[in-house]
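# Results of the structural survey
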Amino acid sequence: MKYDENNIFAKILRGEIPCKKIYEDDYVLSFEDVNPQKKTHVLVIPKGKYIDLDDFNEKASKDEINGFFRAITLIAKKLNISNLNGNGYRVISNIGEDGGQEVPHLHFHLIGGEKVGKMIQK
Ligand code: AMP
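What you see is a predicted model, and the numbers here were worked out from it, not measured in a lab. (Residues numbered from 1 in each chain as written. Predicted model: local features only at pLDDT ≥ 70, side-chain atom pairs only at ≥ 80, totals over all residues. Heavy atoms only, no water.)

### Here we look at the site of the ligand
Stated precisely, the cut-off is as follows: Only a single heavy atom is needed: when it lies within 4 Å of a molecule or strand, its residue is near that molecule or strand. Here a polar contact means two N or O atoms within 3.5 Å. Within protein one must be a hydrogen donor candidate and the other an acceptor candidate, and residues neighboring in sequence count only if both atoms are side-chain atoms. Computed with a 1.4 Å probe, the accessible areas rest on the Shrake-Rupley method; for each residue, only the protein chains presented here act as cover. Helix numbers and strand numbers start at the N terminus; a helix is a DSSP run of H or I with at least 4 residues, a strand a run of E with at least 2. Gly is put with the polar residues, along with every residue not named as nonpolar or charged; the nonpolar set is Ala, Val, Leu, Ile, Met, Phe, Trp, Tyr, Cys and Pro, and the charged set is Asp, Glu, Lys and Arg.
For the ligand, the set of nearby residues contains 16 residues, the closest of which are Asp33, Asn94, Glu102, His107 and His109. With respect to the ligand, the backbone of Val103 contributes an N or O atom lying 3.0 Å from an oxygen atom. In this structure, an oxygen atom belonging to the ligand sits 2.9 Å away from a side-chain N or O atom of His109. Protein chains bury 85% of the 500 Å² of accessible surface belonging to the ligand in isolation. Of all the elements in the fold, those that place two or more residues in the shell around the ligand are α1 (8-13) and β2 (28-32). No other element matches α1, which puts three residues into the shell around the ligand. Of the residues contributing to the shell around the ligand, the split by class is seven nonpolar, six polar and three charged.

### Looking at the pattern of salt bridges
Threshold: What counts as a salt bridge is simple: a side-chain nitrogen of Lys or Arg found within 4 Å of a carboxyl oxygen of Asp or Glu. Residue burial is assigned from relative accessible area. The probe radius is 1.4 Å, only protein chains are included, and a residue is buried under 20% of its type maximum, exposed over 50%, and partly exposed in between.
Enumeration over the complete set of coordinates arrives at six salt bridges. Arg14 serves as the salt-bridge partner of Glu5, at 4.0 Å between the closest nitrogen and oxygen. Its relative accessible area of 39% is what places Arg14 among the partly exposed residues. Residue Lys59 pairs with Asp55 through a salt bridge whose shortest N-O separation is 2.6 Å. Pair noted here: Lys59 and Asp55 are both in helix α2 (residues 53-59), with a separation of four residues, about one helical turn. On the accessibility criterion, Lys59 (54% relative accessible area) is exposed. Here Asp55 falls in the buried class, since its relative accessible area comes to 11%.

### Let's talk about the pairing of strand β3 (residues 40-46)
Counting buried positions over the seven residues of β3 gives seven, a clear majority of the element. Burial along β3 is two-sided: the residues Thr40, Val42, Val44 and Pro46 and His41, Leu43 and Ile45 are all buried.

### Quick look at the packing of aromatic side chains
Just so we agree on the cut-off: Each pair of aromatic rings taken from Phe, Tyr and Trp, with Trp reduced to its six-membered ring, is defined by centres within 6.5 Å and is described as stacked if the planes are under 30 degrees apart, edge-to-face if over 60, and tilted in the remaining cases.
Applying the stated rule across the entire model yields six aromatic pairs. Considering the side-chain rings of Phe68 and Phe69, the 5.4 Å spacing of their centres and the 85 degrees angle between planes classify their relative orientation as edge-to-face. Measuring from centroid to centroid gives 5.7 Å for Phe69 and Phe108, while their planes differ by 80 degrees, and the two rings are edge-to-face. Of this pair, Phe69 sits in helix α3 (residues 62-78) while Phe108 sits in strand β5 (residues 108-112), placing them 39 residues apart in sequence.

### A few points about the sheet that holds β2
Short version of the rule: By this definition, two strands are paired if DSSP reports at least two bridges between them. Axis lines are fitted through C-alpha atoms, for helices just across the contact stretch, and the angle between N-to-C directions can take any value from 0 to 180 degrees.
Within the open sheet, the five strands sit side by side as β1-β2-β3-β5-β4. Their pairing is antiparallel. With one partner strand each, in any of the chains shown, β1 (21-24) and β4 (89-92) form the two edges of the open sheet. Here the strands of the sheet are splayed against their neighbours by 20 degrees on average, with no regard to which way each runs. Taken together, the five bridges between β3 and β5 define a ladder with antiparallel strand orientation. Bridge pairing in β5 links His41 to Ile111.

Quick look at the structure:
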């Protein structure tokens, strides 16, 4: 599967569509989800062009992988939802059709700020 240059997160990365930015560095951009499922719901995306987590793990450099995963905790701490300075949160990354992925650019959902509830609803 080829990376779609016109997916909505690619447009956000290029500055063509606005976002409510939470954090940015060389490796990631984090912004609020437009349709928050809980009090805190942000997305973390790599700056590189990766479709999903499997694509990322197969192609990304060690620095990109390190930068991406470390940023998650950094952002959670910034939002005071980390277990280090808050009450915890849930990380979700949907992959492909069965995973329910809608936007084909790797993203992790960070969801918290209140009880998130059961993991999977039938
Ligand atoms: P997924 O189903 O894992 O691909 O999730 C895609 C997420 O992107 C959903 O939670 C949407 O609410 C969110 N989303 C879609 N468009 C935007 C946007 N322009 N800015 C912020 N979040 C968005």
